[in-house]
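Residue strings, one per chain:
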Amino acid sequence: MTAHSATQPRRGTRVKDGRPDNTHPLNRGAYQERIPLFESFLRFAEALARCSPAHSHRTGCVLVSCNLERVLGAGFAGGAATMLAAGRRTRGGSHLHAEEHALLIAGAVEKDKLMFVTEAPCYLCAVRALNSGVSHVYYRTAGARGRDGLELLRRAGKVVVQYPRWRPRGAGPHPAGLVAGRLPSSLTLPEAYQRFAEALALRSTDGSQKVGCVVVSADLERVLGVGYNGGAAGMNDRDFIPADRSGYVHAEENALLKAGAIEKNKVMFLTHTPCVMCAKRAINSGVTRVHCRQPNQRGDAMGIALLRQAGKQVVWWQGERSKHAENEKGEQATIETPNSARPSGAATLIRVGHEHGG
């Protein structure tokens, strides 16, 4: 199957992302100018690929539930987690593929999963995907080793979509404060989650502030919940919102609704600092560490203060790679984060590195 331009859908075809070959039921409808969830997951896979210690085929993979609400597994090409944590390299050619790592985390119980991968899967990874209940495969590029895998998936009746990077029809400015442009050559796992939160924020229809949130397990292995600030899912609820209210559920709340409160010591990644109410929700949901990149629109530091008072760790995402992002031309673009707006005593980024293979 060939990819179709996001700006040139076939006449008479109604798809939200402008790609008629993406036949997923949740893609049906009028074209939407905001970033599709399919693109958000692929950008997460691309960020994961930059975590890979492999010298070649640095790939990333994300598995998602059929309703696009839950990330079931995520991984990148790499060796044994214990060896990576000890700083030892595995022998050449012995890296597990990103698809293997993601499928090991997701398991095979849930069916009709969606796979988002930076490079088309090889034949054996296609077999693993079929045996694990994958129904849709979205990929950026098709290398030579992916040719047989794609053919197998198509013969098995699975939906296979090459998904070039999505760009809106209009040439409007990128939302202020959110990272744009090319990824650095390497990322840590926390940085990959932070990039995922940024991609999710782009889906928000809030014109004043777009916020994304990712909640993960304490060992950083599993994504427990994702969200962005928005209204009621699957409907236009603006007629029910009082004139003096935004009517948007916060990104943190949407993510925590999916993550639940049973698992403790969760880690939260945010594009902005949480308000005091979302800080309370995080505390009551078992979050012990919060990563954030910039102050919220109101400059409200009460949420940060409450988290610290509760003994939670606040990590200010202000590493060298987060201060600068490359724009589409490969030039360095500085992200303005004034020191005066930074919460006092904000912690520096904890360099988790590549402890985990997936």
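Residues numbered from 1 in each chain as written. Predicted model: local features only at pLDDT ≥ 70, side-chain atom pairs only at ≥ 80, totals over all residues. Heavy atoms only, no water.

So, on to the pairing of strand β3 (residues 113-119). Taken across its 7 residues, β3 has 7 buried, putting it largely inside the fold. In the sheet, strand β1 (residues 60-64) pairs with β3 via 4 bridges, with the strands oriented antiparallel. From the neighbouring strand, L63 faces β3, where its bridge partner is M115. As judged from the 6 bridges shared by β3 and strand β4 (residues 134-141), these two strands associate in the parallel manner. Paired with M115 across the strands is V137, a residue of β4. (Buried < 20%, exposed > 50% of the residue type's maximum accessible area, 1.4 Å probe, protein only. Helix = DSSP H or I, 4+ residues; strand = E, 2+ residues; numbered from the N terminus. Pairing = 2+ DSSP bridges.)

Spatially, the 5 strands line up as an open sheet ordered β7-β6-β8-β9-β10, and their pairing is mixed. Each end of this open sheet is capped by a strand with a single partner; those strands are β7 (223-228) and β10 (313-316). Between one strand axis and the next, the sheet turns through 15° on average, direction left out of account. The sheet contact formed by strand β6 (residues 212-216) and β7 spans 5 bridges and is antiparallel. The residue bridging C213 from the neighbouring strand is G227, located in β7. (Axes fitted to C-alpha atoms, helices over the stretch in contact; angles between N-to-C directions.)

Here we take up the packing of helix α1 (residues 37-49) against helix α6 (residues 189-201). Close contact between α1 and α6 brings their axes to 9 Å; oriented N to C, the two are set at 165°. The orientation of α1 with respect to α6, classified from their angle, is roughly antiparallel. Note on packing geometry: the crossing formed by α1 with α6 is right-handed. Between α1 and α6, the contacting residues are L37, S40, F41, R43, F44, A47 and L48 on the first element and L189, A192, Y193, R195, F196, A199 and L200 on the second. (Parallel < 35°, antiparallel > 145°, perpendicular 65-115°, else oblique. Left-handed = near helix turned anticlockwise from the far one by under 90°. Contact = heavy atoms within 4.5 Å.)

Ordered by their spatial adjacency, 5 strands build an open sheet running β2-β1-β3-β4-β5, and the pairing between neighbours is mixed. Here the strands that pair on one side only, and so sit at the sheet edges, are β2 (71-76) and β5 (159-162). Direction aside, neighbouring strands of the sheet carry axes that sit 15° apart on average. Packing of α1 onto the sheet brings it into contact with β1, β2, β3 and β4, and relative to β1 it is tilted by some 145°.

The next point concerns the pairing of β6. It is a general feature of regular strands that their side chains alternate between the two faces of the sheet. β6 sits mainly inside the fold: 5 of its 5 residues count as buried. Alternating residues of β6 divide into G212, V214 and V216 and C213 and V215, and every residue in both groups is buried. The antiparallel pairing of β6 with β7 creates a hairpin that spans 6 residues between the two strands, and L220 there sits at a positive phi of about 65°.

Attention now goes to unusual backbone geometry. Positive phi is not limited to glycine here, since H57 has a value of about 50°. Looking at H57, the relative accessible area reads 40%, which means it is partly exposed. Positive phi outside glycine occurs at L220, with the angle close to 65°.

Moving on, we come to α6. End to end, α6 covers 19 Å across 13 residues, agreeing with the expected 18 Å (1.5 Å per residue, within 8%). Of all 13 residues in α6, 13 are buried; the element is thus mostly enclosed. (Expected span 1.5 Å × (residues − 1).)

You can see F116 is positioned in strand β3. For the pair F116 and G60, spaced 56 residues apart in sequence, the C-alpha separation works out to 8.3 Å. For F116, the contacting residues outside a window of four places in its chain are F38, F41, L42, A45, G60, C61, V62, V64 and Y138.

Right, let's get into the environment of I304. Looking at the secondary structure, you find I304 in helix α9 (residues 302-309). We classify I304 as buried; its relative accessible area is 1%. Each C-alpha atom, one on I304 and one on A279, is 7.3 Å from the other, the two residues being 25 residues apart in sequence.

The subject of this paragraph is the packing of aromatic side chains. In this description, an aromatic ring pair is defined by two values, namely the gap between the centres and the angle between the planes. Applying the stated criterion across every chain, the model contains 10 aromatic pairs. Aromatic pair F41 and F196: ring centres 6.0 Å apart, planes at 50°, arrangement tilted. Note that F41 is positioned in helix α1 and F196 in helix α6, a separation of 155 residues in sequence. What makes F196 buried here is its relative accessible area of 0%. In this arrangement the basic side chain of R19 is found over the ring face of Y163, its NZ or CZ atom lying 4.1 Å from the centre. (Phe/Tyr/Trp six-rings, centres within 6.5 Å; stacked < 30°, edge-to-face > 60°. Lys NZ or Arg CZ within 6 Å of the ring centre and 35° of its normal.)

When pLDDT is averaged along the protein, the result is 80, and 72% of the positions lie at 70 or above. Below pLDDT 50 for its whole length, residues 82-88 participates in 11 contacts with residues either more than four positions away or in separate chains. Contacts of residues 319-358 to residues separated by more than four positions or lying in other chains number 101 contacts, the stretch itself having pLDDT below 50. (pLDDT = per-residue confidence, 0-100.)

Let us now look at helix α4 (residues 123-131). Buried residues of α4: C125, A126 and A129, and no others. The arc enclosing the buried residues of α4, seen along the axis, measures out at 105°, which places them on a common side. Facing away from the buried side of α4 by over 90 degrees, the exposed positions are L124 and N131. Residues of α4 that are buried sit in contact with α3 (98-106), β3, β4 and α5 (147-155). Among the residues trailing α4, G133 stands out with phi positive, at a value near 85°. (Arc of directions from axis to C-beta.)

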